Amino acid sequence: MEYYSGQIGKLIEELSRLPGIGTKTAARLAFHIIGMPAEQVHKLAETMVDARDNLKYCKECYNLTDMEICPICGNPKRNHKTIMVVETPRDLAAYEKTKQYDGVYHVLHGVIAPLLNIGPNDIKLKELMERLRGDVDEVIIATNASHEGEATAMLISKYVKPAGIKVSRIASGVPVGSELECIDEITLKRALEGRVNM
Ligand code: ZN
């Protein structure tokens with residue numbers, strides 16, 4: 001990076017830390033940014049800082065929100081007795097886009113992955129169990145079809161079943177190894193409709 005001046009070299013280095021951005025793309029972005037009007041660059045930087053500083057987890061479902069309770073949990077028209085368990089806020093957004101689900105969610109923020117030292121206490125599992133003490137009819141497990149996603153689904157099912165709550169898993173129309181958020185809306189809708197009891 002010696003052939004770039006200090007400032008631009010630093011910018012390229014920071015940008016190349018982002019997922020999917022190699023040094024070449026980072027350089028292209030960096031030169032684009034320094035060519036932008038100053039006020040636009042300020043706005044971009046401020047928006048990033050604001051998003052990072054002001055976003056927090058919903059106290060109910062742990063989705064990202066800038067309020068205490070997210071708009072989904074705060075909506076009295078949603079069915080609060082059905083909870084869909086997802087891995088990330090992006091998975092939640094994928095299901096919301098289908099407009100086929102009227103229940104509420106629970107975001108785990110990960111899955112159990114023993115090889116990476118991620119255990120039940122590292123995801124929002126305890127928080128899910130807390131919620132199940134309330135009035136809940138069904139838990140729909142919509143973790144990804146990866147090994148970790150399946151193992152996490154099995155564990156949740158094991159915990160939830162004794163409480164007498166119905167547990168279902170989204171249908172395997174979702175291809176193994178693919179990430180939920182990349183799947184089209186029709187496939188997600190079918191996966192939800194075809195869910196099976198665990
Ligand atoms: Zn919420």
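Anything mentioned here points back to the structure above.
Quick caveat: nothing in here was measured; it's all calculated off a predicted structure.

Moving on, we come to unusual backbone geometry. The phi torsion at Y62 lies on the positive side, around 70 degrees, for a residue other than glycine. Here Y62 lies in the loop between β1 (56-57) and β2 (64-65). Given the relative accessible area of 17%, Y62 is considered buried. Its identity is not glycine, yet N117 carries a phi of approximately 65 degrees, on the positive side.

Read from one edge of the open sheet, five strands run β4-β3-β5-β6-β7, paired in mixed fashion. Each edge of the open sheet carries a strand with a single partner, namely β4 (103-107) and β7 (196-197). Two elements, strand β3 (residues 79-86) and β4, share five bridges in a ladder whose sense is parallel. Residue pairing for β4: M84 is matched across the bridge by Y105.

Side chains bearing opposite charge may pair, as long as their charged atoms lie close to each other. According to the stated counting rule, one finds nine salt bridges in the structure shown. E68 is the salt-bridge partner of K56, the closest N and O atoms lying 3.7 Å from each other. You can see K56 sitting in strand β1 and its partner E68 sitting in the loop between β2 and β3, a full 12 residues away along the chain. With relative accessibility at 37%, the residue K56 sits in the partly exposed group. For E138, the salt bridge goes to R195, with nearest N and O atoms at 2.9 Å. Separated by 57 residues along the polypeptide, E138 in strand β5 (residues 138-141) and R195 in the loop between α7 (185-193) and β7 bring together distant segments of the chain.

Turning next to the pairing of β4. For β4, the buried fraction is high: five of the five residues fall into the buried class. In terms of handedness, the path from β3 via helix α4 (residues 89-98) over to β4 forms a crossover that is right-handed.

Turning next to the coordination of the zinc ion. Protein coordination at the zinc ion: the donors are C58 (SG), C61 (SG), C70 (SG) and C73 (SG), at 2.3 Å from the metal. Each of the four donor atoms around the zinc ion contributes to a set of angles spanning 105 to 116 degrees, which defines the coordination as tetrahedral. Each donor residue of the zinc ion belongs to the same chain, with the gaps between them written as C-x2-C-x8-C-x2-C. Highlighted residues: C58 in the loop between β1 and β2 and C73 in the loop between β2 and β3, separated in sequence by 15 residues.

In this section: the nonpolar core. In this structure, M84 and Y95 are the most contacted members of the largest nonpolar core, which totals 37 residues. Elements with a minimum of two residues in this core: β3, α4, β4, α5 (125-131), β5, α6 (147-160) and α7.

Structurally, D122 can be placed in the loop between β4 and α5. Expressed as a C-alpha distance, the spacing of D122 and A27, which sit 95 residues apart in the sequence, is 36 Å. A distance of 2.8 Å separates a polar side-chain atom of D122 from the backbone nitrogen of G119.

Take the pairing of strand β6 (residues 166-169) next. Where β5 and β6 come together, four bridges link them in parallel fashion. For V139, the partnering residue across the bridge sits in β6 and is V167. Regarding topology, α6 serves as the crossover connection from β5 to the parallel β6, and that connection is right-handed. Pairing of β6 with β7 involves two bridges; the strand directions are antiparallel. Opposite S168, over in β7, you have N197 as the bridge partner.

Rules used in this analysis
- Residues numbered from 1 in each chain as written.
- Predicted model: local features only at pLDDT ≥ 70, side-chain atom pairs only at ≥ 80, totals over all residues.
- Heavy atoms only, no water.
- Helix = DSSP H or I, 4+ residues; strand = E, 2+ residues; numbered from the N terminus.
- Buried < 20%, exposed > 50% of the residue type's maximum accessible area, 1.4 Å probe, protein only.
- Pairing = 2+ DSSP bridges.
- Salt bridge = Lys/Arg side-chain N within 4 Å of Asp/Glu carboxyl O.
- Right-handed = clockwise from strand over helix to strand, strands pointing away.
- Donors = N, O, S within 2.8 Å, 3.2 Å for Na, K, Ca; no water.
- Tetrahedral: all angles 85-135°; square planar, octahedral: opposite > 155°, others 65-115°.
- Core = buried A, V, L, I, M, F, W, Y, C linked by side-chain atoms within 4.5 Å.
- Polar contact = N/O pair within 3.5 Å; in protein donor to acceptor, adjacent residues only side chain to side chain.

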